[in-house]
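Summary of the model geometry
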Amino acid sequence: MKRFIALFFITVIAFSPTLTLAQKGGFADMKQLQGPQNPRLGFVIHGGAGVITRGSLSPEREKEYRVKLEEALFAGYKALQSGKSGLDAVEIAIRILEDSPLFNAGKGAVFTNEGKNELDASIMNGKTLAAGAVAGLRQVKNPITLARAVMEKSAHVMMVGGGAEKFAKEQKIELVDEKYFWTQPRWDSLQKILKEEKAKEVQSLKSKVQSVLTKDLPANRFGTVGAVALDKNGDLAAGTSTGGMTNKRYGRVGDAPIIGAGTYANNNTCAISATGWGEYFIRLGVARDISAVMEYRGMPIQQAADFVIKDKLQKLGGDGGIIAVDKFGNIAISFNSEGMYRAYINAEGKAVVEIYK
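Parameters and conventions
- Residues numbered from 1 in each chain as written.
- Predicted model: local features only at pLDDT ≥ 70, side-chain atom pairs only at ≥ 80, totals over all residues.
- Heavy atoms only, no water.
- Helix = DSSP H or I, 4+ residues; strand = E, 2+ residues; numbered from the N terminus.
- Buried < 20%, exposed > 50% of the residue type's maximum accessible area, 1.4 Å probe, protein only.
- Contact = heavy atoms within 4.5 Å.
- Areas by Shrake-Rupley, 256 points an atom, 1.4 Å probe, with all protein chains shown as cover.
- Axes fitted to C-alpha atoms, helices over the stretch in contact; angles between N-to-C directions.
- Parallel < 35°, antiparallel > 145°, perpendicular 65-115°, else oblique.
- Left-handed = near helix turned anticlockwise from the far one by under 90°.
- Nonpolar A, V, L, I, M, F, W, Y, C, P; charged D, E, K, R; others polar.
- Expected span 1.5 Å × (residues − 1).
- Arc of directions from axis to C-beta.
- Polar contact = N/O pair within 3.5 Å; in protein donor to acceptor, adjacent residues only side chain to side chain.
- Core = buried A, V, L, I, M, F, W, Y, C linked by side-chain atoms within 4.5 Å.
- Pairing = 2+ DSSP bridges.
- Salt bridge = Lys/Arg side-chain N within 4 Å of Asp/Glu carboxyl O.
- pLDDT = per-residue confidence, 0-100.

Looking now at the overall build of the protein chain. Each helix and strand counted, the protein chain has twelve helices and 13 strands in total. The buried share among the 357 residues of the protein chain stands at 60%. Pairs at least 24 residues apart make up 72% of the contacts formed inside the protein chain by residues separated by at least 6 positions. Put simply, the protein chain shows about 14600 Å² of open surface, and 51% of that area lies on carbon and sulfur atoms.

Time to look at the packing of helix α3 (residues 59-81) against helix α4 (residues 86-98). A packed helix pair is summarised by two numbers, namely the angle formed by the two axes and the spacing between the axes. Relative orientation of the contacting elements α3 and α4 amounts to 160°, with a least axis distance of 8 Å. If you check the angle between α3 and α4, you find them roughly antiparallel. Judged by the sense of rotation from one axis to the other, the crossing of α3 with α4 is right-handed. Of α4, the residues touching α3 (which contributes K68, L69, E71, A72, A75, G76, A79 and L80) are G86, A89, I92, A93, I96 and L97. A breakdown of the residues in the contact of α3 with α4 according to their chemical character gives ten nonpolar, two polar and two charged.

What follows concerns helix α7 (residues 184-200). Here α7 is 17 residues long and its end C-alpha atoms lie 24 Å apart, about the 24 Å a rise of 1.5 Å per residue gives. When we look at burial in α7, the residues that qualify are R186, S189, L190, I193 and E197. The buried residues of α7 occupy one face: seen down the axis, they fall within an arc of 95°. Those residues of α7 that are exposed and aimed more than 90 degrees away from the buried face are P185, K195, K198 and A199.

Turning next to the side chain of K141. Here K141 lies in the loop between β4 (131-137) and α5 (143-153). Within polar-contact distance, the side chain of K141 engages the side chain of D99 at 3.1 Å. Not counting the four nearest positions on each side in its chain, K141 is found in contact with E98, D99, G106, E174, V176, Y180 and F181.

With 52 residues, the main nonpolar core has F43, V90, V134 and L146 as its most contacted residues. Beyond its immediate stretch of four places on either side in the chain, V90 contacts F43, I123, A227, V228, A229, A237, A238 and G239. Within the second largest apolar cluster, 41 residues are counted, among which are L236, Y280, I309 and V325.

Contact geometry for α5 and helix α6 (residues 161-170): axes closest at 10 Å, N-to-C directions at 80°. Here α6 runs roughly perpendicular to α5, going by the angle between their axes. When α5 is examined against α6, the residues L146, A149, V150 and K153 are found in contact with a partner set consisting of A164, F167 and A168. For the contact of α5 with α6, the per-class residue count stands at six nonpolar, no polar and one charged.

Okay, the sheet that holds strand β11 (residues 331-335) next. Reading across the sheet, the four strands line up as β8-β9-β10-β11 and stay open at both edges, with antiparallel pairing between neighbours. Across the chains shown, the open sheet's two edge strands, defined by having one partner strand only, are β8 (263-265) and β11. Each adjacent strand pair in this sheet contributes to an overall mean axis angle of 10°, direction not counted. Bridging between strand β9 (residues 270-276) and strand β10 (residues 320-326) involves seven bridges; their strand directions are antiparallel. Paired with S273 across the bridge in β10 is I323. Set on the sheet, helix α12 (residues 301-316) makes contact with β9, β10 and β11; between it and β11 the angle comes to about 10°.

The next subject is the pattern of salt bridges. Applying the stated criterion across every chain yields a total of 15 salt bridges. Notably, a salt bridge pairs E62 with R66, separated by 3.1 Å at the nearest N-O pair. Residue E62 and its partner R66 are both found in helix α3; the two are separated by four residues, about one turn of the helix. For D289, the salt bridge goes to K312, with nearest N and O atoms at 2.7 Å. Here K312 lies in helix α12 and D289 lies in helix α11 (residues 286-297), a separation of 23 residues in the sequence.

Let us look at the pairing of strand β7 (residues 236-242). Taken across its seven residues, β7 has seven buried, putting it largely inside the fold. Side chains L236, A238, T240 and T242 project from β7 onto one buried face, and the interleaved A237, G239 and S241 project onto a second face that is buried too. Across six bridges, the pairing between strand β6 (residues 225-230) and β7 is antiparallel. Residue pairing for β7: A227 is matched across the bridge by G239.

Among the seven residues that make up β9, seven are buried, leaving the element largely enclosed by the rest of the structure. By the alternation rule, side chains of β9 split into C270, I272, A274 and G276 and A271, S273 and T275, which are all buried. The pairing of β8 with β9 spans three bridges and is antiparallel. From the neighbouring strand, A265 faces β9, where its bridge partner is A271. With antiparallel pairing between neighbouring strands as the criterion, β8 and β9 make up a hairpin whose turn holds four residues.

The predicted model of the protein chain averages 85 in pLDDT, with 82% of residues at 70 or higher. The low-confidence segment residues 1-37 (pLDDT under 50) makes 143 contacts with residues lying over four places distant or belonging to another chain. A low-confidence stretch, residues 211-220 (pLDDT under 50), is modelled with 19 contacts involving residues beyond four sequence positions or located in other chains.

Quick look at the structure:
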């Protein structure tokens, strides 16, 4: 029997070429390996994309990011190797990133204008097109787990706010005091933005949002986490989790919990997790659009991702990126920002973690 070749990919805010096994080399018969009866395992995770340039992170902080990304990478990869489903691998990896204060999800979530943490997440099963999403959470420790419960244990796709947290209690999903999500760097970021807004006497919501988004503060921009997987059965899965946007207002919800915008999975095409300026990802339906381009135009996954991110999204004025894996195990990453936290296991079985463009 031929050995399955496993690929694992992690992302966190930037712009990089898609990595396929063909590009990495070492496969004599790609057509045979890409047959649906013998799919390659595939796993990609991201930690957000944004203004992440060389020198913006201290050596010590960069090491912390790399270590945490490797931890999540290996956890999801080993889950797939052991025969667990893609949904399991996605949830396992995202929970690790949610528990880390380094990323804008779970423990490291950014603050709203009111000084609160509001969490969103979604997950999707490519085999059945079942999906679950949650938004506006303030007490759920791991939103990705609640999103999966909504998908598997309710008749709904999305639950929000207090209703979602009541459902979490019913499902015995861990709740924490709101203080759990408080971190000094995120609080300082909010205070800096509020101070600058006051000094400039911003008058309208539009100008306030634009002011926030043009700050050269990587932590304020993105940091959303996500994962996509192809398991041994050839089933695809995708998940995304976020704390949203620093200084967001009035119950704002971005693309992360919106199926078809920030998350999408379909066994006929691919699995996608997005990170970036959520309003634009929602307007374009970025995740579903990439799948549609593959389905209706027959584009390979990297070309489809670049078309949507580098052409359509950029022309509209949005920024961010996606990670993806197709039904054959080919992986792709595309982003139009300065950097993206990402990692994968290459054809030689070595872990690769990348941050910069």
